[in-house]
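This is what each chain is made of:
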Amino acid sequence: MVTGPGPSRASRYDLPIDAHLTAIATLVAVVGRVSADADHETLAASLAAIAESRWLYGLGGAGRFLSGVALIAAAWCLFSIPGAGGRRGWPVVPLLFAASGALTACSGLIAVVLAGMPPEWMDVARIEGVVLSHQEATAWLRKFTGAAGFALAGLALIVTAWRQRSAGAELRRIAPVSALLGLAIQFVWLDAATVVHMITGTVFVVWLGAGGAMLLKGRAWIPG
């Protein structure tokens, strides 16, 4: 658990649960998205892949939505604990995680909408005008909100690392991992860094799981 004066009983128990839920939902999102293989250079290829793997793509979107919601809940728990930079502290980390969760949930919801589009709306060769513009805007918004949400989570890790570096010996050892992961996550904006995306996504899931485990054992995660 995060140390600090006066954490509420709900916050102490909900925070590790929310961290683990975020990790599990993120893992589902990654598996669904990778299995659907719908990330292509052209809109036509992406929509065709989504149409062929609707359930997998929709599952990935649902996982992303749930991971975003769980991350918002975890951020609220952090915000409610003064020792984690809450209302009377420096709430940058909780606010960054909350914004990350909101954008991630938005991206997941858009992915679910794309997966549920009528078949005639998924063939670029047969659609034009308003429908085509709508599809282009929807696909771009899904990609942007997903990347922005992940990037903000990376910034939260960088700030966390800076605070861990000034804490006890155990947290100082964790700080470099948090910082390097936060920096590596920023490569999400580069389409060419696909392998890096997969690695950082996997390591982020591990980081969330480890953080939740530390909290369950009563150890600090984000210092006050």
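Residues numbered from 1 in each chain as written. Predicted model: local features only at pLDDT ≥ 70, side-chain atom pairs only at ≥ 80, totals over all residues. Heavy atoms only, no water.

Time to look at the side chain of serine 178. By the element assignment, serine 178 lies in helix 6 (residues 169-185). In this structure the side chain of serine 178 is engaged in a polar contact, spanning 3.1 Å, whose partner is the side chain of tryptophan 207. Among all residues touching serine 178, those that are not within four sequence positions of it are Leu157, Ile158, Ala161, Gln164 and Trp207. (Helix = DSSP H or I, 4+ residues; strand = E, 2+ residues; numbered from the N terminus. Polar contact = N/O pair within 3.5 Å; in protein donor to acceptor, adjacent residues only side chain to side chain. Contact = heavy atoms within 4.5 Å.)

Our focus in this paragraph is the confidence of the model for the protein chain. Residue-level pLDDT values for the protein chain average 80, and 82% of them are 70 or greater. Confidence scores differ between elements of the protein chain, with helix 1 (residues 9-36) showing the lowest mean pLDDT of 73 and helix 4 (residues 92-115) the highest of 94. Note on residues 1-11: pLDDT under 50 across the span, and 29 contacts to partners over four residues away in sequence or across chains. (pLDDT = per-residue confidence, 0-100.)

On to helix 2 (residues 43-52). Regarding helix 2, the residues found buried are Leu43, Ser46, Leu47, Ala49 and Ile50. What you see down the axis of helix 2 is that its buried residues fit within an arc of 160°, all on one side. (Buried < 20%, exposed > 50% of the residue type's maximum accessible area, 1.4 Å probe, protein only. Arc of directions from axis to C-beta.)

Right, let's get into the nonpolar core. Counting residues in each nonpolar core, the largest one holds 24 residues, and the members touching the most others are Phe97, Leu157, Leu181, Ile185, Phe204 and Trp207. Every element with two or more residues in this core is listed here: helix 1, helix 3 (54-79), helix 4, helix 5 (129-165), helix 6 and helix 7 (194-216). Every residue in contact with phenylalanine 204, bar those within four places of it in the chain, is listed here: Phe150, Ala153, Leu157, Leu181 and Ile185. One finds Ala38, Leu43, Ala49 and Met117 within the second-largest nonpolar core, a separate group that totals 13 residues. (Core = buried A, V, L, I, M, F, W, Y, C linked by side-chain atoms within 4.5 Å.)

What follows covers a nonpolar patch on the surface. There is a patch of nonpolar side chains on the surface, built from Phe65, Leu66, Val69, Leu109 and Val113 and spanning about 410 Å² of accessible area. Of all the secondary structure elements, the ones that give two or more residues to the nonpolar patch are helix 3 and helix 4. Per-element accounting of the nonpolar patch gives the leading share, three residues, to helix 3. One can find valine 113 in helix 4. (Patch = residues over 30% accessible without salt bridge, like charges linked within 9 Å, V, L, I, M, F, W, Y side chains within 5 Å. Areas by Shrake-Rupley, 256 points an atom, 1.4 Å probe, with all protein chains shown as cover. Salt bridge = Lys/Arg side-chain N within 4 Å of Asp/Glu carboxyl O.)

As a further point, take the packing of aromatic side chains. Scanning the entire structure with this criterion turns up four aromatic pairs. With a centroid separation of 5.2 Å and an interplanar angle of 5°, the aromatic rings of tryptophan 140 and phenylalanine 144 are classed as stacked. Here phenylalanine 144 and tryptophan 140 lie together in helix 5, a separation of four residues that amounts to about one turn. Since its relative accessible area comes to 55%, tryptophan 140 is described here as exposed. Since its relative accessible area comes to 36%, phenylalanine 144 is described here as partly exposed. When the centroid spacing of 5.8 Å and the interplanar angle of 70° are considered together, the rings of phenylalanine 150 and phenylalanine 204 count as edge-to-face. Taken together, the residues span a long stretch of sequence, with phenylalanine 150 in helix 5 and phenylalanine 204 in helix 7 at a distance of 54 residues. (Phe/Tyr/Trp six-rings, centres within 6.5 Å; stacked < 30°, edge-to-face > 60°.)

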